[in-house]
Amino acid sequence: MTSPVAQPPIPAATLILFRDRAGAPPELLFVERSPAMRFAGGAIVFPGGRIDAADYALARLQTDDDAAMVERAARIAAIRETAEEAGVAVGLTGEGDLSRLRRDLAGGMATGAALHDAGYALATDRLTPFARWCPDFPHARVFDTRFYLARAPDDMAMPEVDGTENVRVFWASAADILDQADRDEVRLIFPTRRTLERLAGYACFADALADAAAWPIRKITPWVERRDGVDMLCIPDDLGYPVTASPADAAFRA
């Protein structure tokens, strides 16, 4: 019997949206994935998803450089997915109709056409690159995901869950979600946990921007390494993450 042919990673993007609070740690926007979803079912994640062909097409209108086009398409996808999943217009300008945008995107309209018809223009410069994860875990779909930071607009509407891929949308601090995960109240996938451990050290959005600028962004593919008789799931120690190894069996169960 021949082994199945490995599929290439699926390009994706996700957005870490910050809301500063006076005298308290910043809150982040989370969605809870539907338990029925094939990837990360039931997990707490940041809004995001795969980069669609329409995202690439829209990005190509702005540049002929392939690398710049891929980066812009990823930012567009993060903006689009956040609007779709959480009902939040971030990285957009104009007096647009968010309800119409979500409805058109859900109906399959191309990103550019949906933005135009809803009265929005892109402001991709409001997103700051933060990380890139491409885990290759056994028996899991592989996503090559670019993570971005953004500040929540002051006039942002209350988030609204899409009710299809996700069952809940909410604000919480990174430390709160880590505490809930430690009590087995919520489920985190490995990249989200490592990211939250890093985010928990920030007192405000400005701290996040400074830290993002202080470390290089390289594609992170965790690996298993035997340490003191225990299989540890590891990531590089030069990318800004406070925890770079944890028992592999716990990570694969998550």
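Residues numbered from 1 in each chain as written. Predicted model: local features only at pLDDT ≥ 70, side-chain atom pairs only at ≥ 80, totals over all residues. Heavy atoms only, no water.

**Quick look at the pattern of salt bridges**
Moving on, step 1. Enumeration over the complete set of coordinates arrives at 21 salt bridges.
Moving on, step 2. A salt bridge links D66 to R60, with the shortest nitrogen-to-oxygen separation between them at 2.8 Å.
Moving on, step 3. Of the charged contacts, one joins E225 and R227 as a salt bridge, the two residues approaching to 3.0 Å between their closest N and O atoms.
Moving on, step 4. What emerges from the salt-bridge pattern is a single network uniting D52, D55, R80, E81 and E84. (Salt bridge = Lys/Arg side-chain N within 4 Å of Asp/Glu carboxyl O.)

**Digging into the confidence of the model for the protein chain**
Moving on, step 1. Chain-level pLDDT for the protein chain is 91 on average; 92% of the residues reach the 70-or-more range.
Moving on, step 2. Within the protein chain, the lowest mean pLDDT, 69, falls on helix α8 (residues 248-253), and the highest, 98, falls on strand β7 (residues 128-133). (pLDDT = per-residue confidence, 0-100. Helix = DSSP H or I, 4+ residues; strand = E, 2+ residues; numbered from the N terminus.)

**Remarks on helix α6 (residues 190-199)**
Moving on, step 1. For α6, the buried fraction is high: nine of the 10 residues fall into the buried class.
Moving on, step 2. Among the residues of α6, those classed as buried are F190, P191, T192, R194, T195, L196, E197, R198 and L199. (Buried < 20%, exposed > 50% of the residue type's maximum accessible area, 1.4 Å probe, protein only.)

**Overview of the packing of aromatic side chains**
Moving on, step 1. Taken as a whole and assessed by the stated rule, the structure comprises five aromatic pairs.
Moving on, step 2. Between W133 and Y241, the ring centres sit 5.7 Å apart and the planes meet at 90°, which makes this aromatic pair edge-to-face. Taken as a pair, W133 in strand β7 and Y241 in the loop between β12 (230-234) and β13 (245-247) lie far apart in primary sequence, 108 residues in all.
Moving on, step 3. By relative accessible area, W133 is classed as buried at 1%. (Phe/Tyr/Trp six-rings, centres within 6.5 Å; stacked < 30°, edge-to-face > 60°.)

**Digging into the environment of V70**
Moving on, step 1. Within the element layout of this structure, V70 appears in helix α2 (residues 66-86).
Moving on, step 2. V70 sits in the partly exposed class, given a relative accessible area of 25%.
Moving on, step 3. Along the chain, V70 and Y56 lie 14 residues apart, while their C-alpha atoms are 7.0 Å from each other.

**A few points about the packing of helix α5 (residues 174-182) against α6**
Moving on, step 1. As a packed pair, α5 and α6 sit with axes 8 Å apart at the nearest point and diverge in direction by 135°. What the angle tells us is that α5 and α6 run oblique. Once α5 is placed against α6, the crossing between them reads as left-handed. Across from A174, I177, L178, A181 and D182 in α5, the residues of α6 making contact are R193, L196, E197 and L199. (Axes fitted to C-alpha atoms, helices over the stretch in contact; angles between N-to-C directions. Parallel < 35°, antiparallel > 145°, perpendicular 65-115°, else oblique. Left-handed = near helix turned anticlockwise from the far one by under 90°. Contact = heavy atoms within 4.5 Å.)

**Thoughts on the sheet that holds β12**
Moving on, step 1. Ordered in space as β11-β12-β13, the three strands form an open sheet in which the pairing is antiparallel. In this open sheet, the two strands that pair with only one neighbour each are β11 (223-227) and β13. The mean angle between the axes of side-by-side strands here comes to 40°, regardless of whether they run parallel or antiparallel.
Moving on, step 2. Note: β12 against β13, three bridges, orientation antiparallel. Bridged to M232 within β13 is P247. (Pairing = 2+ DSSP bridges.)

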